[in-house]
Amino acid sequence: MRRLLNAAALVAALTACAGPPAAPAPTPTSTVTTTSPRIDVAHDLTDVDVCALLTAADVKGPFVRPPAPFAGPGTCEFRAPTGLRLGLVITQRSYDDAKPLVLNGSEQVIDGHSTWWATGSDGTMTHCDMVVALTADHVLEVRAEQYPMDVVRIGSQTRVQVQSVLSRLPRK
């Protein structure tokens, strides 16, 4: 026991002589400018033809009927032979105001754009709903419906289609 106490005293004495420990080197930091919601790519939504934002290949086409507006300008419905019905709407509304349109949603980021989304099924139809921030005051509203399909698959499929839409929107 006495030997342990002497060893402890020796360590304490050596530590005291060594002086204070050196401060750790600072780590480099970087600043990323983001918006709330996140919109990494600015889009020019002037004169966008919503019906030209998806191709037959995007919906595993060919289309059952040509894509067409269903509720005026800024809307389009796509129908695929797989039974998929996909509605797109570009509307003037903030992302935060649009989020309540998607019940029980959660957030993800698709190609740098905040997206509020949810999937579900009522037993006869499986659906995926998304609201995608495009600008500070415009969103893309998406509704995909298909029977039969599991909710994971329709969510994954709709995400890919939204990526196609985002890639075709004109950039500022």
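Residues numbered from 1 in each chain as written. Predicted model: local features only at pLDDT ≥ 70, side-chain atom pairs only at ≥ 80, totals over all residues. Heavy atoms only, no water.

Caption draft 1: Quick peek at helix 3 (residues 151-168). Between its terminal C-alpha atoms helix 3 stretches 26 Å, which fits the 26 Å expected from 18 residues at 1.5 Å a residue. Listed as buried for helix 3 are Ile154, Gly155, Gln157, Thr158, Gln161, Val162, Ser164, Val165 and Leu166. Packed against the buried residues of helix 3 are strand 3 (85-92), strand 4 (106-110), strand 5 (113-121), strand 6 (126-135) and strand 7 (138-146). If you check the start of helix 3, you find a side-chain oxygen 3.2 Å away from the backbone N of Val152, and it comes from Asp150. (Helix = DSSP H or I, 4+ residues; strand = E, 2+ residues; numbered from the N terminus. Expected span 1.5 Å × (residues − 1). Buried < 20%, exposed > 50% of the residue type's maximum accessible area, 1.4 Å probe, protein only. Contact = heavy atoms within 4.5 Å. Polar contact = N/O pair within 3.5 Å; in protein donor to acceptor, adjacent residues only side chain to side chain.)

Caption draft 2: Structural view of the pairing of strand 5. As defined by bridge partners, strand 4 adjoins strand 5 across five bridges and the pair is classed as antiparallel. Considered in strand 5, the bridge of Glu107 is made with Trp116. Note: strand 5 against strand 6, seven bridges, orientation antiparallel. Residue pairing for strand 6: Thr115 is matched across the bridge by Val132. Hairpin remark: strand 5 followed by strand 6, antiparallel, with four residues in the connecting loop; positive phi at Gly123, about 95°. (Pairing = 2+ DSSP bridges.)

Caption draft 3: Geometry of the environment of Arg168. Among the secondary structure elements, Arg168 is positioned in helix 3. Of the residues examined, Arg168 reaches a relative accessible area of 35% and is grouped as partly exposed. In this structure, the C-alpha to C-alpha distance between Arg168 and Leu54, residues 114 residues apart in sequence, is 8.2 Å. Ignoring sequence-local partners within four residues, the contact set of Arg168 consists of Ala52, Leu53, Leu54, Thr55 and Asp58.

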